[in-house]
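# A structural walkthrough
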Amino acid sequence: MAEFRRKKKKICQMCAGKSVDYKDVPIINKYINEKGKIMSRRMTGACSKHQRHIAEQIKYARFMALIPFVK
């Protein structure tokens, strides 16, 4: 009989104590896919509050020309 494994629930990294700032380009690149789009909550594992914060910081970084709008 097949054994069923429960997937471990992703913990929001920002709730755990890490922060995302628009000046930290390597951290922001973790939340952007190869086409330059913002990754979804399902992919990042962030809670809704912090996903909005991540999206805001990515948009600030784009506006400040730290990361491109499209790759």
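Residues numbered from 1 in each chain as written. Predicted model: local features only at pLDDT ≥ 70, side-chain atom pairs only at ≥ 80, totals over all residues. Heavy atoms only, no water.

## Describing a positive patch on the surface
A grouping of Lys9, Arg41, Lys49 and Arg52 is seen on the molecular surface, where their side chains present a positively charged patch. Here arginine 41 shows up in helix α2 (residues 41-44). (Patch = residues over 30% accessible without salt bridge, like charges linked within 9 Å, V, L, I, M, F, W, Y side chains within 5 Å. Areas by Shrake-Rupley, 256 points an atom, 1.4 Å probe, with all protein chains shown as cover. Salt bridge = Lys/Arg side-chain N within 4 Å of Asp/Glu carboxyl O. Lys, Arg positive; Asp, Glu negative; His and termini not counted. Charge placed at Lys NZ, Arg CZ, Asp CG, Glu CD. Helix = DSSP H or I, 4+ residues; strand = E, 2+ residues; numbered from the N terminus.)

## Structural notes on helix α3 (residues 48-63)
Look at α3: 23 Å from first C-alpha to last across 16 residues, which is about the 22 Å you get at 1.5 Å a residue. When α3 is considered as a whole, its buried residues turn out to be His50, Gln51, Ile54, Ala55, Gln57, Ile58, Ala61 and Arg62. The arc that holds every buried residue of α3, seen down its axis, measures 165 degrees, which confines them to one face. For α3, the exposed residues lying more than 90 degrees away from the buried face are Lys49, Arg52, Lys59 and Phe63. (Expected span 1.5 Å × (residues − 1). Buried < 20%, exposed > 50% of the residue type's maximum accessible area, 1.4 Å probe, protein only. Arc of directions from axis to C-beta.)

## What about the pattern of salt bridges?
Enumeration over the complete set of coordinates arrives at 1 salt bridge. Across the pair lysine 23 and aspartate 21 runs a salt bridge whose closest N-O atoms are separated by 3.7 Å. Judged by its relative accessible area of 25%, aspartate 21 falls in the partly exposed class.

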